[in-house]
Amino acid sequence: MANTRSVPVVPLLELRAELLRPLLVAVAALSLAYLLAGLVGLRATHLYPWDALGLIALCGVCAWMVRGSPTRVALAAAFLLAGVSQPIIYASQTFGLAHPINGLFLVGIVLCGLVVGGAFTVTWSVFYCGWIVMMAAGEVYGWWTPTGAPKTWAELGPIAAVWCALIAVTGAGTWLFANSLERAVVSARGQALALARTAEALAADSTTDSLLEQVLAVLAEQLRVQFASLFRLEPQDQTLRLYRAVMNGRVLAPEAVPGARLEPVPVAQVPVWQEMLQLRRPFEIADVANDPRLVNRERMLAEGIHSVLYVPLLSGPDVGGQGEGELIGLLAINRTDRRAFGSDEIGLAQALMRQLSLAMQITRLAQATRESAVLTERNRMAREIHDTLAQGFTGIVVQLEAAEDAATGSPQEAAGHIARARTLARESLAEARRSVWALRPKALTQRSLSAALRESVLTLAHPAGLAVRFEFAPELPALDPALEDDLLRIALEAVTNALKHAQATTLTLVLRVEADVLSLQIVDDGRGLVAQPAPESGGFGLIGMRERAARHGGALAVETGPSGTTVTATIPLTQKAMT
């Protein structure tokens, strides 16, 4: 059973570093512009040029800190924020509370939210507001004398209130934006980590159960799930059965869940399932205590569950053709606190369920592929054994019958037939072994296709008194060995059929190439064959011949009647068919 691994929460240091680097460049550029403005005579603070030079040097130090170690990002951000605040404070003292330059405090708030974030943004906003009030008091009571005449509280009070309101609004907006950005980054990286881990699990072990447990384990990690249940549909009786559960980060089988209801529940008695059939998307029940759709509401309330998120498990195309997929299961994620499920959490749960559905389909396709491969291999072995043993046995029977006929009149001729029968038996055994291991026939190992056809056909035909005529093209292109094997087998099967079933007396074998098409034709003058044998008749020869021709993009035609049979195999001479 899969258990979750302790993986630390995705840190924000990398995000902070990514934001801090361009901010350092921007602050350094603005400081340099301020330095140049003072050189051309524009008014500056009483700290000029040391404030500009100090900021440029601070940006260099912070850039070095960020590059040296990611753990120093927070410290570098704090240094930058403190360094930027000093010139702003001195500027406000120099130009006064009513000067627009105090808008730089808003820039400081934005910088604080981006590079530090969290509750510190609120703290920094309060600090800036306090400084605005202190600056107003300093101007009223003469602690320092900015430009212009002394002011009163009646004049500076509204200005200070406006600046404090702007700082508060900017701080709140920055805090919300920074929090949303942080949550989005954490969610995106968490989803990427979760999907990567489930993909690794699929690559390592493609069984549905192990992958399902891995998906639930990742879900428990990323969403901090205390309890979740995965129900699978039993299509035979249309019931829902508890398949796996998550408790305190551990994935459990149904029998290991205390108090679990193990007997299947008819889907007609589950209102949530009926609603999911209509929606085909996640939905949340935010108030367990007052929702009549929950059949086990009392037990859930006793366990302290306040809300439930339901996520569909879909598989395959929908019967209605709308593309949503067939509903085959349901994941229920329970939450004991009153916090609602976020869109990022719902998206992660839905993505993991889709990945599980995809993995289940891949598993089914892999199983179907294995079954197809087994069936193909079984047909190949049956075809090869038929084409070797059956043809060999036919030759042995012909030789033995000839030996029986010659036994009384010519013992030496009978002995020759028996010797050839013994040779055929040994060759057939060797051919059977070669066929099982998909090796080339012995006749083609040291001979051309034309020579192999001539020798093999004569070995079968002459003992039975079958006259054979060959019409071969003078020059044949170099063919793929697999194609030569299949052409030889097709020819020998056609000859075997003529000997066993057609009672032919003459046979013509034609091999030619016309318009990039190779044609092998076997013509006999027998009584005809059954061109399409019924499967129950046990006839495998014609089926195997057609399969051999189809392997090379060709076709097999059989024309049969009382005056004879013509078997024609045509193969297009593509690049694959030629060596």
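Throughout what follows, the structure given in this document is the object of discussion. (Residues numbered from 1 in each chain as written. Predicted model: local features only at pLDDT ≥ 70, side-chain atom pairs only at ≥ 80, totals over all residues. Heavy atoms only, no water.)

### Examining empty space enclosed by the protein
Here is step 1 of the chain: Tallied over the full model, the rule gives 1 cavity of 30 Å³ or more.
Here is step 2 of the chain: By volume, the largest cavity amounts to about 30 Å³.
Here is step 3 of the chain: Around the largest cavity, the lining residues are A494, N497, I522, D524, L529, T565 and V567.
Here is step 4 of the chain: Among the secondary structure elements, those contributing two or more residues to the lining of the largest cavity are α14 (481–502), β10 (517–524) and β12 (564–572).
Here is step 5 of the chain: Residue composition of the lining of the largest cavity, by class: 4 nonpolar, 2 polar and 1 charged. (1 Å grid on protein atoms, 1.4 Å probe; cavity = no way out; pocket = protein on both sides within 12 Å on 5 of 7 lines; lining within 4 Å. Points joined across faces, edges and corners; volume = space filled by probe spheres on them. Helix = DSSP H or I, 4+ residues; strand = E, 2+ residues; numbered from the N terminus. Nonpolar A, V, L, I, M, F, W, Y, C, P; charged D, E, K, R; others polar.)

### Details of the packing of aromatic side chains
Here is step 1 of the chain: As enumerated under the stated definition, the model contains 10 aromatic pairs in all.
Here is step 2 of the chain: Ring geometry for F105 against Y128: centres 4.9 Å apart, planes inclined by 65°, an arrangement best described as edge-to-face. Highlighted residues: F105 in helix α4 (residues 104–115) and Y128 in helix α5 (residues 119–141), separated in sequence by 23 residues. Comparing F105 with Y128 shows no difference in burial state: the two are buried.
Here is step 3 of the chain: A ring pair is formed by F283 and Y310, whose centres lie 5.5 Å apart and whose planes are at 35°; its orientation type is tilted. Of the two residues, F283 is situated in strand β5 (residues 283–285) and Y310 in strand β6 (residues 307–315); the sequence distance between them amounts to 27 residues.
Here is step 4 of the chain: A relative accessible area of 8% places F283 in the buried class.
Here is step 5 of the chain: Taken together, F105, F120, W124, F127 and Y128 form an aromatic cluster joined through their ring pairs. (Phe/Tyr/Trp six-rings, centres within 6.5 Å; stacked < 30°, edge-to-face > 60°. Buried < 20%, exposed > 50% of the residue type's maximum accessible area, 1.4 Å probe, protein only.)

### A closer look at the environment of V126
Here is step 1 of the chain: Tracing the sequence through the fold places V126 in helix α5.
Here is step 2 of the chain: Expressed as a C-alpha distance, the spacing of V126 and C164, which sit 38 residues apart in the sequence, is 8.8 Å.

### Let's talk about helix α13 (residues 449–461)
Here is step 1 of the chain: Compared with the 18 Å implied by 1.5 Å per residue over 13 residues, the 18 Å span of α13 between its first and last C-alpha is a close match.
Here is step 2 of the chain: Residues L449, S450, A452, L453, S456, V457, L460 and A461 constitute the buried set of α13. For α13, the angular spread of the buried residues around the axis is 160°, confining them to a single face. (Expected span 1.5 Å × (residues − 1). Arc of directions from axis to C-beta.)

### A word on the layout of surface pockets
Here is step 1 of the chain: Within this model, the largest pocket holds a volume of roughly 700 Å³.
Here is step 2 of the chain: Lining the largest pocket are 33 residues, with F227, S229, F231, N296 and R299 positioned closest to its centre.
Here is step 3 of the chain: When residues of the lining of the largest pocket are traced back to their parent elements, those giving at least two are β1 (227–234), β2 (239–247), α8 (271–279), α9 (297–302), β6 and β7 (326–335).
Here is step 4 of the chain: With 4 residues, β2 is the single largest residue contributor to the lining of the largest pocket.
Here is step 5 of the chain: By residue class, the composition of the lining of the largest pocket is 20 nonpolar, 7 polar and 6 charged.

### Topic: the pattern of salt bridges
Here is step 1 of the chain: All told, the structure shown has 7 salt bridges when counted by the stated rule.
Here is step 2 of the chain: Here R241 and E234 are joined by a salt bridge, their closest N and O atoms 3.4 Å apart. (Salt bridge = Lys/Arg side-chain N within 4 Å of Asp/Glu carboxyl O.)

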